[in-house]
Amino acid sequence: MIALQVVYYYHYLIMALKFTRKILVNLCLISRISSQSIVGLSSNHDRRLFLSKGFGRFQGLGMICRPRFFCPVSCVERLSWEGSSHAVLLTKLENALKDLKLDEAWETFDDFKRLYGFPNHLLVSRFITELSYSSNPHWLQKACDLVMIVLKENSFSLQPDILAKLVLSLARAQMPIPSSMILRLMLEKEIQPPLNVLRLVFLHMVKTEVGTCIASNILVQICDYHPRFCSQKSNNANLPKPDTMIFNLVLDACATFASSLKGQQIIELMSQTGVVADAHSINIIAQIHEMNGQRDELKKFKDHISSLPVPFVSHYRLFYGCLLSLHFKFDDIDAAAELVLDMNRSRESHPIQDLGKDYRKPCFVSIGSQNLKNGLKIQIVPEMLQKDSALKPEGKSDLVICRDKKLLPSNKALSKLINGYKRHGKINELSKFLLSLNRELFSSGGSSLFCAVIDACISLSWMEIAHDILDDMESSGNPLGSSTYTMLLAAYYKRNMSREGNVLLQQMRKAGLVENLSDKYVISKTVLANVGRSSVCINESSSICQPSLSESLVQEINEAEKAISPIIYELNTSIYFFSKAKMMGDALKIYRRMQERKIQPTEHTFAYLVCGYSSLEMYRDVTILWGDIKRTTESRNLSLSSGSDFYEILLLNFLRGGYFERVLEVIGYMEKCNMYIDKWMYKSEYLKIHKDLYRSLKASKARTEAQGKRLEHVLAFKKWAGIN
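Residues numbered from 1 in each chain as written. Predicted model: local features only at pLDDT ≥ 70, side-chain atom pairs only at ≥ 80, totals over all residues. Heavy atoms only, no water.

Could you give an account of the overall build of the protein, with specific residues and numbers?
Secondary structure assignment for the protein yields 33 helices and 6 strands. Residues counted as buried form 49% of the 724 residues belonging to the protein. By element, 51% of the accessible surface of the protein is carried by carbon and sulfur atoms, the whole surface being about 36,700 Å². (Helix = DSSP H or I, 4+ residues; strand = E, 2+ residues; numbered from the N terminus. Buried < 20%, exposed > 50% of the residue type's maximum accessible area, 1.4 Å probe, protein only. Areas by Shrake-Rupley, 256 points an atom, 1.4 Å probe, with all protein chains shown as cover.)

Please give an account of the pairing of strand E6 (residues 406–409) that cites residues and values.
Pairing of strand E5 (residues 400–403) with E6, which is carried by 4 bridges, proceeds in the antiparallel orientation. Within E6, the residue paired with Arg403 across the bridge is Lys406. Taking the residues between adjacent antiparallel strands as the criterion, E5 and E6 are bridged by 2 residues, where Asp404 takes a positive phi near 50°. (Pairing = 2+ DSSP bridges.)

I'd like a description of helix H31 (residues 660–672), backed by residues and values.
The end-to-end C-alpha separation of H31 is 18 Å, in line with the 18 Å expected for 13 residues at 1.5 Å each. Along H31, the positions that sit buried rather than exposed are Phe660, Val663, Val666, Ile667 and Met670. The buried residues of H31 occupy an angular sector of 115° when projected down its axis, which confines them to one face. Looking at the buried residues of H31, the elements they touch are helix H29 (619–635), helix H30 (645–657), helix H32 (679–689) and helix H33 (705–721). Of the residues flanking the end of H31, it is Asn674, one or two places downstream, whose phi is positive at about 60°. (Expected span 1.5 Å × (residues − 1). Arc of directions from axis to C-beta. Contact = heavy atoms within 4.5 Å.)

Go over the side chain of Thr244 with me, naming the residues and quoting the values.
Considering the arrangement of structural elements, one finds Thr244 in helix H11 (residues 244–256). When residues no more than four places from it in sequence are discounted, the contact partners of Thr244 are Met270, Val275, Val276, Asp278, Ser281 and Gln386.

Please set out unusual backbone geometry residue by residue, giving values where relevant.
Negative phi values dominate among residues other than glycine, just as trans dominates among peptide bonds. If you check the backbone angles, Gln174 has positive phi at about 55° while not being a glycine. Inspection of the secondary structure puts Gln174 in the loop between helix H7 (160–172) and helix H8 (176–188). Despite not being glycine, Ser461 has its phi angle at roughly 65°, a positive value. Along the chain, the position of Ser461 falls in the loop between helix H19 (448–459) and helix H20 (463–475). Owing to a relative accessible area of 47%, Ser461 belongs among the partly exposed residues under this scheme.

Explain H7 residue by residue, including any values.
An ideal rise of 1.5 Å per residue puts 18 Å on 13 residues; H7 measures up with 18 Å between its terminal C-alpha atoms. Two residues or fewer past H7, Gln174 is found with a positive phi of approximately 55°.

Report on a negative patch on the surface, specifying residues and quantitative values.
On the surface, a cluster of negative charge is contributed by Asp99, Asp103, Glu104 and Glu107. Relative to the assigned elements, Glu107 resides in helix H4 (residues 102–116). (Patch = residues over 30% accessible without salt bridge, like charges linked within 9 Å, V, L, I, M, F, W, Y side chains within 5 Å. Salt bridge = Lys/Arg side-chain N within 4 Å of Asp/Glu carboxyl O. Lys, Arg positive; Asp, Glu negative; His and termini not counted. Charge placed at Lys NZ, Arg CZ, Asp CG, Glu CD.)

Can you break down the nonpolar core residue by residue, with the values?
Soluble globular proteins: nonpolar side chains tend toward being buried together. By size, the foremost hydrophobic cluster in this structure holds 197 residues, and its most contacted members are Phe202, Phe301, Phe319, Ile378, Phe433 and Phe717. Apart from residues lying up to four places away in sequence, Ile378 is in contact with Ile267, Met270, Ser271, Ala277, Ile285, Phe301, Cys363, Phe364, Val365 and Ile367. (Core = buried A, V, L, I, M, F, W, Y, C linked by side-chain atoms within 4.5 Å.)

Residues and numbers for the packing of helix H16 (residues 333–342) against helix H17 (residues 411–423), please.
At a minimum axis separation of 10 Å, H16 and H17 run at an interaxial angle of 145°. Crossing of H16 over H17 shows left-handed handedness. Note on element contacts: H17 touches H16 through Lys416, Leu417, Gly420 and Tyr421, opposite Ile333, Asp334, Ala336, Ala337 and Val340. The class makeup of the residues in the contact of H16 with H17 is 6 nonpolar, 1 polar and 2 charged. (Axes fitted to C-alpha atoms, helices over the stretch in contact; angles between N-to-C directions. Left-handed = near helix turned anticlockwise from the far one by under 90°. Nonpolar A, V, L, I, M, F, W, Y, C, P; charged D, E, K, R; others polar.)

So, the pattern of salt bridges: which residues are in play, and what are the values?
In total, this model carries 22 salt bridges according to the counting rule given. Among the salt bridges present, the one from Asp110 reaches Arg114, with a minimum N-O distance of 3.5 Å. Within this pair, Asp110 and its partner Arg114 are both found in helix H4, separated by 4 residues, close to a single helical turn. Sharing partners across several salt bridges, the network here consists of Lys630, Glu661, Arg662 and Glu665.

Please provide a residue-by-residue account of the packing of helix H3 (residues 85–98) against helix H5 (residues 121–132), values included.
At a minimum axis separation of 11 Å, H3 and H5 run at an interaxial angle of 30°. When the axes of H3 and H5 are compared, the pair comes out roughly parallel. Judged by the sense of rotation from one axis to the other, the crossing of H3 with H5 is left-handed. Where H3 approaches H5, its residues Leu90, Leu93, Glu94, Leu97 and Lys98 are matched on the opposing element by Leu123, Arg126, Phe127 and Glu130. (Parallel < 35°, antiparallel > 145°, perpendicular 65-115°, else oblique.)

Which residues make up the side chain of Thr273, and what are the values?
Within the secondary structure layout, Thr273 lies in helix H12 (residues 260–273). A distance of 2.9 Å separates a polar atom in the side chain of Thr273 from the backbone oxygen of Leu269. Other than its neighbours up to four places away in sequence, Thr273 contacts Cys223, Lys241 and Phe247. (Polar contact = N/O pair within 3.5 Å; in protein donor to acceptor, adjacent residues only side chain to side chain.)

How would you sum up the confidence of the model for the protein? Please name residues and give values.
When pLDDT is averaged across the protein, the result is 81; 77% of the residues are at 70 or more. Here strand E1 (residues 29–33) is the element of the protein with the lowest mean pLDDT, 35, and helix H15 (residues 317–329) is the one with the highest, 96. A low-confidence stretch, residues 16–83 (pLDDT under 50), is modelled with 76 contacts involving residues beyond four sequence positions or located in other chains. The low-confidence segment residues 531–543, where pLDDT is below 50, has 22 contacts with residues more than four positions distant or belonging to other chains. (pLDDT = per-residue confidence, 0-100.)

Describe the packing of aromatic side chains, and please don't skip the residues or the numbers.
Using the criterion set out here, one finds 20 aromatic pairs in the structure. Arranged with centres 5.9 Å apart and planes meeting at 70°, the rings of Phe660 and Tyr686 form a pair that is edge-to-face. Placement of the pair is Phe660 in helix H31 and Tyr686 in helix H32, with a sequence separation of 26 residues. Here Phe660 falls in the buried class, since its relative accessible area comes to 2%. A residue is classified by how much of its surface remains accessible, and Tyr686, at 1% relative accessible area, is buried. Among the aromatic residues, those joined into a ring-pair cluster are Phe660, Tyr682, Tyr686, Phe717 and Trp720. One cation-aromatic arrangement involves Arg295 over Phe330; the distance from NZ or CZ to the ring centre is 4.5 Å. (Phe/Tyr/Trp six-rings, centres within 6.5 Å; stacked < 30°, edge-to-face > 60°. Lys NZ or Arg CZ within 6 Å of the ring centre and 35° of its normal.)

Here it is in structure tokens:
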């Protein structure tokens, strides 16, 4: 009986081993527990199944059957019926990658890494590449995490093209933060992606406001690293620097998201790196200067553009619109009128084939005062248009339009001119301007422009101004047509202004515009003819005179009441000039004058002062100015900026000066306003300047209370920035 039980026991033992092989198809491992080896089944369910099926019949015999009896301490530590688990996992990972089963591949990779560490670098590189080709943000983030682990542990070096591919994939998926992390790690290891890849990365990155902030900071970082990359000791001696297209992409994004101060920094960086500005660059630079209120800076470009031939006219519509806008902001109506008349002069005399040897030769335009010995100068080539540019050749301008290869003022521009001349009491100058503009636009004659202007004045009940324009034209020997007179005459009588109407009627008789009929008959006929009329002569216009001129004039009057005072732009210009010249004493005098006259400073007022102090490393003065900024924003409920570029300037200056309490204040404000903060940049700045600050000092060993407080602020910043 006992022998029979032994036979049965042996038989079921063989069956149990076969069954166990089927369970452990992919993973048969032995785990060490208290220096003993036991069989590791794939799950608790498998263990219960094994025990119940294999040994359930022997429970009645009082036999104790446990898995450890099948693999005593003297057994080998790894069961490998189908090869070792190391080889099995590698094979499974390779097959999953081959079949593009990323879920299975990641699970297998995770198991392998937990047991054996990283696979060979070729397989890891292949895995990262496959993840990079995914359009799913989940797998792209996994690829980024994997790269960060590899680089952190210094397990092995990844090929630059693999990293570049991942950077591009992350940027294309609108994941600028992880994309910038990988790109910055590459730069720190003196690896720069090829120029064509960099262009694509920036192209995708600048599509969002956060991406624009990161892209502009990375561009600054690349330009800072480039001299080191190209040193003779480096292997990258011939590495190309960021080109015009990359700068244009970042500048255009700064203009799009109203980051004008960041845009100003990129313009200066363009000058410092010697990158040439093309026609697209000039248009974008014009937008940046217009946002910053820097009319003098933009006027420097005009001489280089006004002489360009006709084919370039439409492209620079945006430039002229920005310059015209600045003239209006400075309330310089005469300069605005002169620019409108000058936009089309002298172009026909410069055909493109006769530009001579200087065609496409770079010109230099100064930044700041032209008299500064060490001032920056930017190279421009106004005739250079890149055909493969990702930017649109024409931007949007609501002040200048292009018709028949001519630049014309829009209704909005005309409204600003009319209202400006009226405000200054220069109706005679308005008449002269309208006459000159009418000749420019309608060489064959006609009075469509005057008809539109007089109709707009009538609609606003500016009867006297409309009459003055008629008188000015008559006295200058350029009388207008009968339609303009009859329009005004009908308006007089409809408003019961019979005395003024009679005077105008006598003028019309004198000019031969009225038949020899009685006044009553003429009046009744004129009024009836103009009932329900809505600028009939305006509709005859073929260019700028549209029925909306009256509406534009009404809108302009409302906007002018809310506009920033021109004196602020003038004072800011002076502060900018002195700050660039590092004459901070004079800049501060103008700022104090603003305070005395109760003129409210703007974001640009403070930004120019901060940049001026920063150029002289006067960080303590920046902290004093910070007090004024806080008082201004709190007492007057003034919001300095909807973006982060102004606070970024403050934060960098406080960090460089070591004022960590102020650093934390600015960070707190930015986080409260949900502004994006580029932690990597501030972390790098800290490590560059304050790497060993309070490295071994503990709070208990601080010598003074002030030192203890400062140490507390330093530790708080390091914790925020992720500095160990």
